[in-house]
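What follows is the residue order along each chain.
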Amino acid sequence: MKEDIKSMTLPELTTWMSALGEKGFRAKQLYNWMHKNLVSSFDEMTNLSKSLREKLKEYPVTALKMVKVQTSRIDGTQKYLFRLSDGNVIESVLMRYKHGNSVCISSQVGCRMGCRFCASTIGGLTRCLLPSEMLDQIYRIQALTGERVSNVVVMGTGEPLDNYENLLRFIHILTEDGGLHISQRNLTVSTCGIVPGILKLAEEDLQITLALSLHAPNDEVRKTL
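Residues numbered from 1 in each chain as written. Predicted model: local features only at pLDDT ≥ 70, side-chain atom pairs only at ≥ 80, totals over all residues. Heavy atoms only, no water.

(A) Up close: the overall build of the chain. Helix and strand counts for the chain come out as seven helices and nine strands. For the chain, whose C-alpha radius of gyration is 18 Å, the value lies close to the compact-globule estimate of 17 Å for 225 residues. Within the chain, the proportion of its 225 residues that are buried is 44%. Per element, the accessible surface of the chain, about 11800 Å² overall, is 52% carbon and sulfur. A gap of 6 Å separates the mean positions of the 27 positive and 24 negative side-chain charges of the chain. (Helix = DSSP H or I, 4+ residues; strand = E, 2+ residues; numbered from the N terminus. Rg over C-alpha atoms; globule rule 2.2 N^0.38 Å. Buried < 20%, exposed > 50% of the residue type's maximum accessible area, 1.4 Å probe, protein only. Areas by Shrake-Rupley, 256 points an atom, 1.4 Å probe, with all protein chains shown as cover. Lys, Arg positive; Asp, Glu negative; His and termini not counted. Charge placed at Lys NZ, Arg CZ, Asp CG, Glu CD.)

Written as structure tokens, this is what we have:
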């Protein structure tokens, strides 16, 4: 399997580029093109040499394909259906507020949590999303609308804490310098209540918001759901 370069941190990408025989500053250029300029092909990376671009084409840049978009007539909220490279589809939602644009993204294809009130779990879990696939939901929406995304909610299809390592990498790439650099305070992760994951996340020294879905007045009812 080819390296998923869009899921690499800048230090990892620098090491990887060096292994290809390229200078370290090329990694930062590549990183900025993917995570700041939001391009979806190497041909758009005009400050990279043609020979380097040809070499990099062996490692495709993750880029979701928009299948459909639905717009609410009431408030302009937009629901996007994106196709992944393996043919699976996921949903993302753009919500416009006076304080800025929020995007709700999916973290998995399907879900194995089994919550009886949620349609996402009907077919079970197909697979977890890569950090690049989580990021590109935001990137594609920002590129398609031409509008800045300032808030992100991981509350779409899937249980984020059931995709913990990819979620953590996604958070760092999204919020650190060199990319969209969205404030961690503007990022919310929603969970149905994976306690080990909650405790582990609490030790990461992040400034994100954690949303816990109680969906019942007591534990007895909650367990049945």
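Still more ground to cover, so stick around.
(B) Region of interest: the pattern of salt bridges. As enumerated under the stated definition, the model contains 11 salt bridges in all. One salt bridge connects Asp136 with Arg140, and the closest N-O pair in it is separated by 3.2 Å. Here Asp136 pairs with Arg140, and both are found in helix α4 (residues 131-145), just four residues apart, close to one helical turn. According to the relative accessible area criterion, Asp136 is buried, its value standing at 0%. Linked by salt bridges that have partners in common, Lys6, Asp136 and Arg140 make up one network. (Salt bridge = Lys/Arg side-chain N within 4 Å of Asp/Glu carboxyl O.)

(C) View of the nonpolar core. Counting residues in hydrophobic clusters, the biggest one holds 52 residues, and the most contacted among them are Ile5, Leu13, Leu30, Met45, Ile138, Phe170 and Leu174. For this core, the leading source of residues is helix α5 (residues 164-175), giving seven residues. Other than its neighbours up to four places away in sequence, Leu13 contacts Ile5, Met8, Ala27, Leu30, Tyr31 and Met34. (Core = buried A, V, L, I, M, F, W, Y, C linked by side-chain atoms within 4.5 Å. Contact = heavy atoms within 4.5 Å.)

(D) Structural context of the packing of helix α1 (residues 10-19) against helix α2 (residues 24-35). α2 packs onto α1 with a crossing angle of 130° between their chain directions and a minimal axis gap of 8 Å. Comparing the axis directions of α1 and α2 gives the class oblique. As for how α1 packs across α2, the hand of that crossing is right-handed. For the pair α1 and α2, contact is made by Leu10, Leu13, Thr14 and Met17 and by Gly24, Arg26, Ala27, Lys28, Leu30, Tyr31 and Met34, respectively. (Axes fitted to C-alpha atoms, helices over the stretch in contact; angles between N-to-C directions. Parallel < 35°, antiparallel > 145°, perpendicular 65-115°, else oblique. Left-handed = near helix turned anticlockwise from the far one by under 90°.)

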